[in-house]
Amino acid sequence: MAGRGTGPDFVEALARGLDVLACFDAGHRTMSLSEVAAAAGLARPTARRLLLTLEELGFVRTADGAFQLTPKVLTLGMAYVGSLGLWDIARPHLEALVARTGESSSMAQLDGSDIVYVARVSVPKLIALRVDIGTRFPAVQTSQGKVLLSALSPDELADVLAQPSRAGLPPYIGRSGEQLRDELTEIRARGWALADEELAPGVRSVAAPVRDGTGTVRAAMNVTVHAAETTVDTLLQDHLPLLLRTAGDVSAEWALWQSRPHVEIELRDETTA
């Protein structure tokens with residue numbers, strides 16, 4: 001269940017509706033009313049009203065007494081990605097990078113102590129983890145996450161790492177807090193990060209920062225390989241230079257997009273003129 005607000009304008013019903021949508025994931029594509037109520041911490045009548053409302057709005061459908069999300073839910077996340085202008089800019093670059101490396105490439109942003117995938121171009125590979133737009137992983141276990149964490153100030157980093165992951169994976173115990181801080185310092189200095197089977201066996205990746213028009217790191221781009229097929233040396237010597245060039249190109253084009261002239265005008269209402 002999502003954290004509850006305390007402000008006077010907090011709308012509990014909206015929060016509960018979002019809780020219901022968040023119950024569905026790759027392991028729970030179809031759920032009964034009782035399962036939704038239990039997962040969201042709601043009474044059955046409340047869960048039922050929320051599900052039926054979401055069904056009328058087109059975000060949920062029913063089949064044989066069970067509920068599942070519809071593709072319309074994607075509009076919620078894509079509205080955010082589209083508002084950044086990042087996907088339209090990054091897509092041709094990601095596609096070109098994948099064509100040259102033969103490996104999947106993604107972009108992610110930081111959300112609490114997790115990364116969330118906002119763009120991806122993939123190739124069929126026997127990778128241990130399925131990744132889609134909106135997939136969430138603990139930042140400290142991924143190359144993209146380490147790039148994003150390395151861009152934070154010490155106070156920001158402490159606040160982020162104090163937040164529990166919502167990815168549903170067991171805590172990573174491969175390094176101490178001091179070792180992580182040392183690694184992030186090195187990543188900040190060299191401009192890229194490696195994750196060698198830290199997220200899952202067989203998953204190896206390298207990532208580089210994507211910056212906005214102010215030079216602030218706003219996203220990270222990676223190349224992901226299967227450890228049994230691609231060595232660390234090959235990943236760093238062959239794929240990393242291409243990745244760094246691509247991330248730089250995306251950053252430059254994003255900065256231009258953000259600096260474009262933008263004017264809003266108020267249309268005159270002829271009926272009241």
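Bear in mind the structure is a predicted one, so any value in this text is a computation, not a measurement.

### Observations regarding the overall build of the chain
Looking only at helices and strands, the chain features 9 helices and 9 strands. Out of the 273 residues in the chain, the part that is buried amounts to 41%. Of the contacts formed within the chain by residues at least 6 apart in sequence, a portion of 57% connects residues at least 24 apart. Of the roughly 15,300 Å² of accessible surface on the chain, 54% is carried by carbon and sulfur atoms.

### Comments concerning the sheet that holds strand S1 (residues 30-31)
Sheet architecture is open: 3 strands sit in the order S1-S3-S2, paired in antiparallel fashion. Either end of the sheet is taken by a strand with one partner, and the two such strands are S1 and strand S2 (60-63). Pairing geometry for S1 and strand S3 (residues 66-69), over 2 bridges, is antiparallel. Bridging across to S3, Met 31 finds its partner in Phe 67.

### Focus: a nonpolar patch on the surface
Together, Val 11, Leu 14 and Leu 18 line one region of the surface with nonpolar side chains, adding up to about 280 Å² of accessible area. In this structure, Leu 14 sits in helix H1 (residues 12-22).

### Overview of the pattern of salt bridges
Tallying each qualifying case throughout the model produces 12 salt bridges. When the shortest N-O distance is used, the salt bridge between Glu 197 and Arg 204 registers 3.9 Å. Classification of Arg 204 as buried rests on a relative accessible area of 9%. By sharing partners, the salt bridges in this structure join Asp 111, Asp 114, Arg 136 and Arg 166 into a single network.

### Topic: the packing of aromatic side chains
Tallied over the entire structure, the rule returns 1 aromatic pair. Measuring from centroid to centroid gives 5.9 Å for Tyr 117 and Phe 137, while their planes differ by 90°, and the two rings are edge-to-face. Residue Tyr 117 is found in strand S5 (residues 114-121), and its partner Phe 137 is found in strand S6 (residues 136-138); the two are separated by 20 residues along the sequence. Judged by relative accessible area, which is 5%, Tyr 117 ranks as buried. A relative accessible area of 6% places Phe 137 in the buried class. The cationic tip of Arg 190 hangs over the ring face of Trp 192; the distance from NZ or CZ to the ring centre is 3.8 Å.

### Topic: the confidence of the model for the chain
Confidence in the prediction of the chain, expressed as mean pLDDT, is 85, and 86% of residues score 70 or more. The least confident element of the chain, judged by mean pLDDT, is helix H4 (residues 74-84) at 59; the most confident is helix H6 (residues 143-150) at 97.

### A short note on the packing of helix H2 (residues 33-40) against helix H3 (residues 44-57)
Running from N to C, H2 and H3 cross one another at 105°; their axes reach a closest spacing of 9 Å. Regarding the angle of H2 to H3, the classification is roughly perpendicular. Contact with H2, carried on its side by Leu 33, Ser 34, Val 36 and Ala 37, involves Arg 44, Ala 47, Arg 48 and Leu 51 of H3 and no other residues of that element.

Cut-offs and rules
- Residues numbered from 1 in each chain as written.
- Predicted model: local features only at pLDDT ≥ 70, side-chain atom pairs only at ≥ 80, totals over all residues.
- Heavy atoms only, no water.
- Helix = DSSP H or I, 4+ residues; strand = E, 2+ residues; numbered from the N terminus.
- Buried < 20%, exposed > 50% of the residue type's maximum accessible area, 1.4 Å probe, protein only.
- Contact = heavy atoms within 4.5 Å.
- Areas by Shrake-Rupley, 256 points an atom, 1.4 Å probe, with all protein chains shown as cover.
- Pairing = 2+ DSSP bridges.
- Patch = residues over 30% accessible without salt bridge, like charges linked within 9 Å, V, L, I, M, F, W, Y side chains within 5 Å.
- Salt bridge = Lys/Arg side-chain N within 4 Å of Asp/Glu carboxyl O.
- Phe/Tyr/Trp six-rings, centres within 6.5 Å; stacked < 30°, edge-to-face > 60°.
- Lys NZ or Arg CZ within 6 Å of the ring centre and 35° of its normal.
- pLDDT = per-residue confidence, 0-100.
- Axes fitted to C-alpha atoms, helices over the stretch in contact; angles between N-to-C directions.
- Parallel < 35°, antiparallel > 145°, perpendicular 65-115°, else oblique.

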